[in-house]
Amino acid sequence: MNETFMKERPVLPLILSMSLPMVISMLVNSLYNIVDSFFVAKISEDAMTALSLVYPVQNSINALSIGFGVGINAVIAFSFTLIVNLTLAFEKFFQAVGRMKVTMLSMMCGCIANIVLDPVLIFGLGPFPEMGIEGAALATGIGQALTLAIYLVIFFIRPLGLNIRRRYLSLDKSMVLKLYSIGIPATLNLALPSILISALNGILAAYSEVYILVLGIYYKLQTFLYLPANGIVQGMRPLIGYNYGAGEHKRVKQIYKIVLYMSGMIMILGTVICLLIPDLLMGLFTDSETTIQAGQTALRIISGGFIVSAVSVTSSGALEGLGKGFPSLIISLCRYIVIILPTAFILSKVFGPTGVWHSFWIAEAVTAIIAFIVYNKAVHTNLMRPL
């Protein structure tokens, strides 16, 4: 397959063609994530709280695998592990050569299957037995199996131009070192949010389980923002890496700026929604007036950091696309550990749980400044001048 289109087509249409399929698939993925939680919340508020506590553990498992190109991306992590690992491997194959529509089709089919099967298997609709939370896990596993099946069919019908052979699987020291130099920072980038959530749960537990539930609901809702933004970043990575390697420095700068603006628009939309209807959003997962009141306060405060977070998200993704894993890790450390955790701890002592919510926008604002500096220093000064 000829990838020269990555440096020949106009930048904006190119980014849209690479990113939109991923954005659509990420939106569907967000929907399935929300639907999963919606039905679990119908079991009981305790079940939703338990899901909130399990989420960082699940995400840590995902991070260990996804950081190296293969991972576990489901509530279930037993019998479907091999399927999910293969699924993510093929996802990366197709993305690397710019075939984003295949990724979109495969992910959407799997997510839609999961959405349909969730209520059927959880509540035992029709001839199916009532399985509760186990039904949600099984639905996720079936969806992942369907996604892999579609990848395999397309892979053999329309080859990618790359060969998977046993003789290519021999260890090469330089290649292993290169993979780990990028893979370890990528793994840590994905694992850091789990550390953050676990730490914040510990802080909030001193006040009430209600706040743990609120935090869990927030992290479900924010997938509607950050997964689509991540879809744009995924579309950007092969473009920015290819053009950087081809010496197309002007295009690299254009790609970065356009992706930054696109991510910013998503964050503006999210900010408006959280300010206008936070009670309706929280009401999707609980009927408790106390939880809804606490949740709408949290959403309005936390949303203050959405827009500036576009700088960190875009810069971190661009650095990974350029193969600069360590500078990307610095941004993530600032965003998820170095700034927010001390701030949350100190402000919680002064303002209670509300102080924890304020730590989000403070951390995003400070990290955005750091991300801008780190990004510009990590690349050649002639390539990346301040925007």
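Now for a quick tour of the structure. (Residues numbered from 1 in each chain as written. Predicted model: local features only at pLDDT ≥ 70, side-chain atom pairs only at ≥ 80, totals over all residues. Heavy atoms only, no water.)

## Description of the overall build of the protein
Each helix and strand counted, the protein has 16 helices and zero strands in total. Of all 387 residues assigned to the protein, the portion counted as buried reaches 54%. In the protein, once contacts between residues fewer than 6 apart in sequence are set aside, the share between residues at least 24 apart is 75%. (Helix = DSSP H or I, 4+ residues; strand = E, 2+ residues; numbered from the N terminus. Buried < 20%, exposed > 50% of the residue type's maximum accessible area, 1.4 Å probe, protein only. Contact = heavy atoms within 4.5 Å.)

## Overview of the packing of aromatic side chains
With the rule as written, the count across this model stands at six aromatic pairs. Considering the side-chain rings of Phe155 and Phe156, the 5.3 Å spacing of their centres and the 85° angle between planes classify their relative orientation as edge-to-face. Judged by relative accessible area, which is 64%, Phe156 ranks as exposed. Cluster of aromatic residues (ring-pair linked, three or more members): Tyr218, Tyr219 and Phe360. (Phe/Tyr/Trp six-rings, centres within 6.5 Å; stacked < 30°, edge-to-face > 60°.)

## Focus: helix H14 (residues 325-338)
Where H14 bends most, at Ser332, the angle is about 25°. What H14 keeps buried is the set Gly325, Pro327, Ser328, Leu329, Ile331, Ser332, Cys334, Arg335 and Tyr336. (Bend = angle between axes of the 7 residues up to and from the residue.)

## Observations regarding the state of the cysteines
Tallied over the entire structure, the rule returns zero disulfides. The cysteine Cys109 is free of any disulfide, with Cys111 supplying the nearest cysteine sulfur at 9.4 Å. Take Cys109: its relative accessible area is 27%, and that puts it in the partly exposed class. Overall, the relative accessible area of 6% leaves Cys111 in the buried class. (Disulfide = S-S within 2.5 Å.)

## Here we look at the environment of Ser312
In this structure, Ser312 sits in helix H13 (residues 306-321). As for Ser312 and Val374, which are separated by 62 residues in sequence, their C-alpha atoms are 10.0 Å apart.

## Looking at the nonpolar core
As a rule of thumb, soluble globular proteins bury nonpolar side chains together. Formed by 86 residues in total, the largest nonpolar core has its most connected members in Leu200, Trp357 and Phe360. Residue contacts for Leu200: discarding those within four places in its chain leaves Leu215, Leu341, Ala344, Val356 and Phe360. (Core = buried A, V, L, I, M, F, W, Y, C linked by side-chain atoms within 4.5 Å.)

## Description of the pattern of salt bridges
Throughout the structure, instances matching the rule amount to two salt bridges. In this structure, the salt-bridge partner of Glu320 is Arg237, at a minimum N-O distance of 2.9 Å. Highlighted residues: Glu320 in helix H13 and Arg237 in helix H9 (residues 223-245), separated in sequence by 83 residues. Residues Arg335 and Glu364 are paired through a salt bridge, measuring 3.1 Å at the closest nitrogen-oxygen approach. Of this pair, Arg335 sits in helix H14 while Glu364 sits in helix H16 (residues 353-378), and the two are 29 residues apart along the sequence. Accessibility expressed as a relative area gives 11% for Arg335, which makes it buried. Relative accessible area serves as the criterion here: at 11%, Glu364 is assigned to the buried category. (Salt bridge = Lys/Arg side-chain N within 4 Å of Asp/Glu carboxyl O.)

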